[in-house]
Amino acid sequence: MLTAFFAAQGNVVVATDYLGYGKSDYGFHPYLHADSQATATIDALRAARELAGQRGVKLSGEVMLYGYSQGGHASMATHRAIESDSALASEFKLVGVAHGTAPAALKTAISVNPTVPTVAGQFFVPFFVTAWQKVYGDIYSSASQVFNPPYLSHIDKLFPGEDTFETALKGGKLPASPPPGWFTELFTQSFREGIPTNAALLKAAERNDFSASGWTPKTPTLLCTGSKDPAVPYATAQKVIETKWAAQIGAGLVRVQDVDPLVESVMLPALCPQADPMQKEMCRLEKYHGTLAPPLCLSAVKRFFTAIRSTAP
C-alpha cells in the first residue's frame, strides 16, 4: 500500500528489504544497525535504476527517502551515508528526505529509558540487544548474563522468524506483561541495573545513533512523529535530534511535524471508540505507533514531497 501510495504521485518507488528479512538468506537481521540498513537501501536504489534502464523508464535522477519507525532509522542511515560520502552524493541527487518516528537517539534512549520501558519493548529491546551481539560480539558472553529463563533458550533466534509479535506473546515466547513487568521478567537484574553503565551496549548504541554523530543534514528534511508515541518515546528520540539540528530547523532546512493533535482529535475517536476510559487508553497504547500516527505522517510527507517537486527546476 505504501508503494502504491507514492507510485500514484508519479514516483518510481523502491521498497527495501534489509539483511535477514524477506527473501534475504543472510543468517540474521542486524536490527537497528545503521550501516547495513544504508547499504541495503543504496543497493536497492542501484538495482531499481538498472531495472528502469532495462525497461526504458526515464528517471529524473532526483531521489527522495522516507521511512517510519525502524524504516525511519534506515532512511536516516541512508541519508547520512549519502551526504557523508562525496561519491555517493554525486551518484544520488537527494532533493528531499523524511524520517517518521525514527529511533534516532539510541544512546540517550538506552541510558535514560530502561526504568520506563516502552510499549512493545519486549520485542524491540531484545531484538536490538541480540542483533548488536551478533554484529559486534561484545555485548555479552552468554545469554544467561542478559536474559532470564525460559526466554534465554530461544530469544536470539526469535526474530525475524515464523512468529509475529502477537503469536510470540500468546505462545509464551515473550512476556505478555505490560511495562515495566515484561522488563523485569525478560532481563536479569544485573543486566537491568547495569544498562546505564554498560560500556559495550552504549558503544553499540552510539554507533547507530544519529544525534551522537557529527553529521547534520544538507538536504531539505521533514521529521514527523506523534509526540505521545508510547513505542518510540518523543523525549528520547525525535526531541533529541531536534535539539541537535536546531540550527537547521531555524534555517528552514529541517521541518518538524507533530501529528499528535490529529491523532487525538481525528484518529483516536474513529479507531478507539470505546466509552470506557481504561479500554480507550489500552486501545490508544496498542494502536498509536502502528495505526493511528503512520497515515498522518504519510500525509505530511506527501505534502512535503509534492512541494519539493513543484519547486524543482
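Here is what the cut-offs are and how they apply
Residues numbered from 1 in each chain as written. Predicted model: local features only at pLDDT ≥ 70, side-chain atom pairs only at ≥ 80, totals over all residues. Heavy atoms only, no water. Disulfide = S-S within 2.5 Å. Helix = DSSP H or I, 4+ residues; strand = E, 2+ residues; numbered from the N terminus. Buried < 20%, exposed > 50% of the residue type's maximum accessible area, 1.4 Å probe, protein only. Phe/Tyr/Trp six-rings, centres within 6.5 Å; stacked < 30°, edge-to-face > 60°. Polar contact = N/O pair within 3.5 Å; in protein donor to acceptor, adjacent residues only side chain to side chain. Expected span 1.5 Å × (residues − 1). Core = buried A, V, L, I, M, F, W, Y, C linked by side-chain atoms within 4.5 Å. Contact = heavy atoms within 4.5 Å.

1. Overview of the state of the cysteines
Here the structure, examined in full by the defined rule, presents two disulfides. There is a disulfide in this structure between Cys224 and Cys297, and the S-S distance comes to 2.2 Å. Here Cys224 and Cys297 share a disulfide; its torsion about the S-S bond, -95°, makes the bridge left-handed. With Cys224 in strand S3 (residues 221-225) and Cys297 in helix H15 (residues 294-311), this pair connects stretches of sequence that are 73 residues apart. Just as Cys224 is buried, Cys297 falls in that class too. Disulfide pairing is shown between Cys272 and Cys283; the S-S distance is 2.0 Å.

2. As for the packing of aromatic side chains
On inspection of all chains with the given rule, the structure shows 21 aromatic pairs. Ring plane angle 90° and centroid distance 5.3 Å describe the contact between Trp215 and Trp245, whose orientation is recorded as edge-to-face. Here Trp245 lies in the loop between helix H11 (238-244) and helix H12 (246-250) and Trp215 lies in the loop between helix H10 (199-207) and S3, a separation of 30 residues in the sequence. Feature note: the residues Tyr31, Phe123, Phe124, Phe127, Phe159 and Phe165 constitute an aromatic cluster, connected by ring pairs.

3. A look at the side chain of Thr219
As for its placement among the helices and strands, Thr219 is situated in the loop between H10 and S3. Of the polar contacts made by the side chain of Thr219, one reaches the side chain of Glu83; its length is 2.5 Å.

4. Focus on helix H2 (residues 34-54)
With 21 residues, H2 should reach 30 Å at 1.5 Å per residue; the first-to-last C-alpha distance of 30 Å fits that figure. The complete set of buried residues in H2 reads Ala34, Ser36, Gln37, Ala38, Ala40, Thr41, Ile42, Ala44, Leu45, Ala48 and Ala52. Gly56 lies just past H2 and shows a positive phi near 70°.

5. Here we look at the nonpolar core
Judged by nonpolar contacts, the single largest core of 39 residues is most densely connected at Val129, Trp132 and Phe187. Elements with a minimum of two residues in this core: helix H5 (106-112), helix H6 (121-136), helix H8 (181-186) and H10. When near neighbours in sequence (up to four residues on either side) are disregarded, Phe187 contacts Val125, Pro126, Val146, Phe147, Asn148, Trp182 and Arg192.

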